[in-house]
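Given next are the chains, with one letter for each unit.
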Amino acid sequence: MDDREHLKTEVSYFDPQRHPVSPSRRRFLKSAGVSGLAVAAAPALSPVSYAGSPDDPDTQAEVPPAEGQRRITLTVNGRREQLDVTPNVILLDALRHALQLTGTKKGCDHGQCGACTILVNGTSINSCLSLAVTHDGDEITTVEGLEKNGRQHPLQQAFLEHDAYQCGYCTAGQMMSALAILQDDDIGTRDADVREAMSGNICRCGAYKNIVAAIQSARGAMQGGNA
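**A few points about unusual backbone geometry**
No. 1: Positioned with a positive phi, Q100 is a non-glycine residue whose angle comes to about 60 degrees.
No. 2: Relative to the elements of secondary structure, Q100 occurs in the loop between α2 (91–98) and β4 (117–120).
No. 3: For Q100, a relative accessible area of 55% gives the class exposed.

**Here we look at the nonpolar core**
No. 1: Within the largest apolar cluster, 26 residues are counted, with the highest numbers of intra-cluster contacts made by L155, F159, L179, M198, I211 and I215.
No. 2: Sorting the residues of this core by element identifies α3 (154–161), α4 (171–182) and α6 (208–223) as the ones contributing at least two each.
No. 3: When residues in this core are grouped by element, the largest group, eight residues, is from α4.
No. 4: Apart from the residues within four sequence positions on either side, I215 is in contact with L155, F159, A178, L182, V194 and M198.

**Some remarks on the pattern of salt bridges**
No. 1: Throughout the structure, instances matching the rule amount to seven salt bridges.
No. 2: When the shortest N-O distance is used, the salt bridge between D84 and R71 registers 2.7 Å. Of this pair, D84 sits in strand β3 (residues 79–85) while R71 sits in strand β2 (residues 70–76), and the two are 13 residues apart along the sequence.
No. 3: In this structure R71 comes out as partly exposed when scored by relative accessible area, which is 25%.
No. 4: In this structure, a network of salt bridges that share partners links the residues D93, K106 and D109.

**Section: the packing of α4 against α6**
No. 1: Orientation of α4 relative to α6, taken along the N-to-C sense of each, is 45 degrees, at an axis distance of 11 Å. The angle between α4 and α6 places the two elements in the oblique class. Along this stretch, α4 crosses α6, giving a crossing that reads as right-handed. For the pair α4 and α6, the contacting residues are Q174, A178, L179 and L182 in the first and I211, I215, A218, R219 and M222 in the second.
No. 2: Along the lines of polarity and charge, the residues of the contact of α4 with α6 split into seven nonpolar, one polar and one charged.

**Brief notes about the sheet that holds β2**
No. 1: Overall, mixed pairing links the six strands, which are arranged β1-β3-β2-β6-β4-β5 in an open sheet. Of all strands in the sheet, those with a lone pairing partner are β1 (48–50) and β5 (123–126), marking the two edges. On average, each strand axis in the sheet is inclined to that of its neighbour by 40 degrees, with strand direction left out of account.
No. 2: By the bridge criterion, four bridges tie β4 to β5 in an arrangement that is antiparallel. Its bridge partner lying in β5, V120 is registered against T123.

**Considerations on the state of the cysteines**
No. 1: Taken as a whole, this structure holds zero disulfides when the rule is applied.
No. 2: With no disulfide of its own, C167 lies 3.7 Å from the sulfur of C205, the closest cysteine sulfur.
No. 3: In this structure C167 comes out as exposed when scored by relative accessible area, which is 56%.
No. 4: A residue is classified by how much of its surface remains accessible, and C205, at 32% relative accessible area, is partly exposed.

Basis of the calculations
- Residues numbered from 1 in each chain as written.
- Predicted model: local features only at pLDDT ≥ 70, side-chain atom pairs only at ≥ 80, totals over all residues.
- Heavy atoms only, no water.
- Helix = DSSP H or I, 4+ residues; strand = E, 2+ residues; numbered from the N terminus.
- Buried < 20%, exposed > 50% of the residue type's maximum accessible area, 1.4 Å probe, protein only.
- Core = buried A, V, L, I, M, F, W, Y, C linked by side-chain atoms within 4.5 Å.
- Contact = heavy atoms within 4.5 Å.
- Salt bridge = Lys/Arg side-chain N within 4 Å of Asp/Glu carboxyl O.
- Axes fitted to C-alpha atoms, helices over the stretch in contact; angles between N-to-C directions.
- Parallel < 35°, antiparallel > 145°, perpendicular 65-115°, else oblique.
- Left-handed = near helix turned anticlockwise from the far one by under 90°.
- Nonpolar A, V, L, I, M, F, W, Y, C, P; charged D, E, K, R; others polar.
- Pairing = 2+ DSSP bridges.
- Disulfide = S-S within 2.5 Å.

Take a look at the structure:
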């Protein structure tokens, strides 16, 4: 016998004619598919919702927080706001989804790019790494809060004048970090100091030189009383 005969292996395959799908199996597959669609289409419990502002009684929520939620009060850009949040909601999502303050961007979601930078009690933080419930009673400033009475902040004006952006996605975080730097007397005023302090903010377009120039220009404007 040829040795190759020993190497032959019988290959089996599924033949629906010889092995028809049983009615019970068919029913199971259909019900599983329908159940999957139902789960996908079902509305999820919103982890964060707006509960009104204590400064505007007409907006106050008439019902208590849903089960599993906690009501917190934030002072955002000078206005007190109440939110009902679940314990795992990050501050970034609370600002974007409940208050519609979408200037603060979700970039890496790991605290590595700086696009979500805001000020909390005057200190810059990555809002993607901070739980909303831990900020009950805190004062928060987002990029929307820089403009006052229709007048641009010196940083906003400087970023425009120095073309310190390209796609603009990181710009809000860049400006909020820059504001924290300009308000911190412990950070030097040299370009090298600014670059080091801004190292947590990534610009994928590479506009770093213009960003530093804008910050230094804003420094002069703010010291001149234009802030």
